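Reading the structure
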Amino acid sequence: MDALETLRDESYTGANRCWPCTVLNLGLVGALVMFLRGRRPRSSLLVAVVGVAIVYLRGYLVPYTPEFAPRLVAASPVPDEWFHGEPAHGETSQDDVTRRENESLADDVEIDGETVFRELSAAGVIEAEGEQLFLTTTVDTAWHERMAELTDDSLDALAAALQASLPEVDAAEPYVDDAEWIALGADHTQLLPRPVVVAELAAYEVLGERLDDERLRVAGAEAFRMFLDRCPVCDSELVESSAVSCCGGHLGPRQDPDETLVCPTCEQRLYTFELSDS
Ligand SMILES: [Zn+2]
């Protein structure tokens with residue numbers, strides 16, 4: 001089986017299997033088998049066996065399927081739910097309300113990254129060592145201590161704390177599906193992952209002693225998350241992943257997918273390094 005295992009492509013199989021790609025490819029294998037059956041029965045059997053095996057092991061057979069299958073599915077009259085047993089995060093539709101995953105408390109704050117980093121280093125929050133940026137030791141310690149306290153808070157308490165601390169958050173309440181979120185906005189449609197809330201709220205509080213500008217505090221709190229190496233909620237080591245599963249957001253042909261930091265236990269995204277617009 002070793003030879004077979006080396007063929008396996010984990011990006012498109014197992015939990016990562018893309019059902020539109022799989023279904024489309026099995027359909028194509030089926031069509032080819034039907035075409036060959038009357039003409040070359042033995043080849044049709046071979047095509048059936050090899051084709052199904054490749055789709056099983058690699059997720060798809062036709063090159064570049066991940067780039068067009070999701071769009072074909074989107075254009076087809078077949079309900080999207082056929083391909084997604086559970087609604088994907090950020091598109092949860094338990095009660096006919098479209099919810100989307102928010103990247104950060106700072107989603108509506110428009111300050112460019114360069115300004116944020118300049119202000120943070122002027123305030124002695126971050127320092128550069130060669131090409132690398134670090135949180136200064138006192139800030140890092142204060143942040144981790146505050147995260148450790150917030151981690152034990154219930155989702156209710158976190159939602160209340162968020163609403164009490166941040167002037168721009170006018171409504172926050174717990175939301176649970178297969179993960180834990182804080183729902184923001186008057187209609188509670190913007191979901192922030194619990195680990196993101198813990199990290200950003202703690203960072204926002206720590207920055208309060210060092211920055212006067214409210215918008216900078218919020219944007220700075222977002223930037224803190226790139227310095228996480230463990231999940232603030234469950235302490236799992238974060239893993240680097242790609243923002244694009246093949247059914248996920250499709251980027252333009254020459255854009256690299258963004259790299260993300262993901263908690264494998266909470267199955268939530270902790271940070272997105274935006275490579276494509278830098
Ligand atoms: Zn976690």
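If you're wondering where the values come from, they're calculated on a predicted model, not measured in any experiment.

This part takes up the UniProt feature "transmembrane region" (unreviewed entry) in the protein. According to UniProt, the "transmembrane region" (unreviewed entry) feature falls on residues 17–36 and 43–61. Between the C-alpha atoms that bound residues 43–61 there is a distance of 17 Å. The span itself is 84% helix and 0% strand.

Okay, the coordination of the zinc ion next. Within the first shell, the zinc ion binds the protein through Cys231 (SG), Cys234 (SG), Cys263 (SG) and Cys266 (SG), at distances of 2.3 Å. Around the zinc ion, the four donor atoms sit at angles spanning 100 to 115 degrees, and that spread fits a shape best called tetrahedral. The sequence motif formed by the donor residues of the zinc ion is C-x2-C-x28-C-x2-C. Of this pair, Cys231 sits in the loop between helix 9 (214–224) and strand 7 (239–242) while Cys266 sits in the loop between strand 8 (259–263) and strand 9 (268–273), placing them 35 residues apart in sequence. Here Cys266 falls in the buried class, since its relative accessible area comes to 19%.

Another point: the sheet that holds strand 9. With antiparallel pairing, the three strands of this open sheet are ordered in space as 7-8-9. The sheet is open, and its two borders are formed by strand 7 and strand 9, each paired with just one other strand. Adjacent strand axes in the sheet meet at a mean angle of 35 degrees, parallel and antiparallel pairs treated alike. Across five bridges, strand 8 lies against strand 9 in antiparallel orientation. If you follow Glu259 over to strand 9, its bridge partner there is Phe273.

This part is about the packing of helix 6 (residues 137–151) against helix 8 (residues 194–208). When two helices pack together, their arrangement is captured by the angle between the axes and the distance separating the axes. Here helix 6 crosses helix 8 at 130 degrees, and the two axes come no closer than 8 Å. Classified by the angle between their axes, helix 6 and helix 8 sit oblique to one another. As helix 6 packs across helix 8, the resulting crossing turns out to be right-handed. Packed against helix 6, whose contacting residues are Val139, Ala142, Trp143, Arg146, Met147, Leu150 and Thr151, the element helix 8 presents Arg194, Val198, Ala199, Leu201, Ala202, Ala203, Glu205 and Val206 at the interface. Looking at the contact of helix 6 with helix 8 residue by residue, the class counts come to 11 nonpolar, one polar and three charged.

A word on the packing of aromatic side chains. Inspection of the entire model under this criterion finds two aromatic pairs. For the pair Trp143 and Phe224, a centre-to-centre distance of 5.1 Å together with 85 degrees between the ring planes defines the contact as edge-to-face. You can see Trp143 sitting in helix 6 and its partner Phe224 sitting in helix 9, a full 81 residues away along the chain. With respect to burial, Trp143 and Phe224 carry one shared label: buried. For the pair Tyr271 and Phe273, a centre-to-centre distance of 4.8 Å together with 65 degrees between the ring planes defines the contact as edge-to-face. We note Arg39 situated over the ring of Phe35; from NZ or CZ to the ring centre the distance is 4.2 Å.

The rules behind the values
- Residues numbered from 1 in each chain as written.
- Predicted model: local features only at pLDDT ≥ 70, side-chain atom pairs only at ≥ 80, totals over all residues.
- Heavy atoms only, no water.
- UniProt positions renumbered as here; feature names shortened; annotations may be inferred.
- Helix = DSSP H or I, 4+ residues; strand = E, 2+ residues; numbered from the N terminus.
- Donors = N, O, S within 2.8 Å, 3.2 Å for Na, K, Ca; no water.
- Tetrahedral: all angles 85-135°; square planar, octahedral: opposite > 155°, others 65-115°.
- Buried < 20%, exposed > 50% of the residue type's maximum accessible area, 1.4 Å probe, protein only.
- Pairing = 2+ DSSP bridges.
- Axes fitted to C-alpha atoms, helices over the stretch in contact; angles between N-to-C directions.
- Parallel < 35°, antiparallel > 145°, perpendicular 65-115°, else oblique.
- Left-handed = near helix turned anticlockwise from the far one by under 90°.
- Contact = heavy atoms within 4.5 Å.
- Nonpolar A, V, L, I, M, F, W, Y, C, P; charged D, E, K, R; others polar.
- Phe/Tyr/Trp six-rings, centres within 6.5 Å; stacked < 30°, edge-to-face > 60°.
- Lys NZ or Arg CZ within 6 Å of the ring centre and 35° of its normal.

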